[in-house]
Amino acid sequence: MDTRIQFRVDEETKRLAQLMTESQGRTLSDACRELTESLAEEQRKSMSHDTWLKEQINAAFNKFDNGKANFIVHDDAKALMEARKQKIRNRDKS
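Remember, predicted model here, so these are calculated numbers, not experimental data.

Peer 1: Before we go on, may I ask you to explain the packing of aromatic side chains in this structure?
Peer 2: Remark: the centre distance and the inter-plane angle together describe each pair of aromatic rings, the angle taken between the planes. Counting across every chain of the model gives 1 aromatic pair. Considering the side-chain rings of phenylalanine 64 and phenylalanine 71, the 6.0 Å spacing of their centres and the 90 degrees angle between planes classify their relative orientation as edge-to-face. By relative accessible area, which is 47% here, phenylalanine 64 ends up partly exposed. Look at phenylalanine 71 and you get exposed, because its relative accessible area is 63%.

Written out as structure tokens, the structure reads:
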């Protein structure tokens, strides 16, 4: 079931918005609907990412709790990351 959204703007804002949408072959209602749908899609993506991130964090804590976590000393991690970056940088040079 569709729902209705109402909001208020001043007459000048409405007039200018209508002129813009008409010049694009759309109605102001179409433009508002498209914006609302776009905002909803952004929220869906954000919620999906949040869910994925929570799953990743929980998996990491489960790994830690089960004694399967692998810790790397900071200096070793930096060296590994630098080597990885260098490999990527050199990929196009060969």
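Past the structure itself, the notes keep going.
Peer 1: Help me out: how do you make sense of the side chain of threonine 21 in this one?
Peer 2: Positionally, threonine 21 belongs in helix α1 (residues 11-23). A distance of 3.4 Å separates the side chain of threonine 21 from the backbone nitrogen of leucine 28, its partner in a polar contact. Look past the residues within four positions of threonine 21 in its chain and what remains in contact with it is Arg26, Thr27, Leu28 and Ala31.

Rules used in this analysis
Residues numbered from 1 in each chain as written. Predicted model: local features only at pLDDT ≥ 70, side-chain atom pairs only at ≥ 80, totals over all residues. Heavy atoms only, no water. Phe/Tyr/Trp six-rings, centres within 6.5 Å; stacked < 30°, edge-to-face > 60°. Buried < 20%, exposed > 50% of the residue type's maximum accessible area, 1.4 Å probe, protein only. Helix = DSSP H or I, 4+ residues; strand = E, 2+ residues; numbered from the N terminus. Polar contact = N/O pair within 3.5 Å; in protein donor to acceptor, adjacent residues only side chain to side chain. Contact = heavy atoms within 4.5 Å.

Without other data, these values stay purely geometric and don't point to any function.
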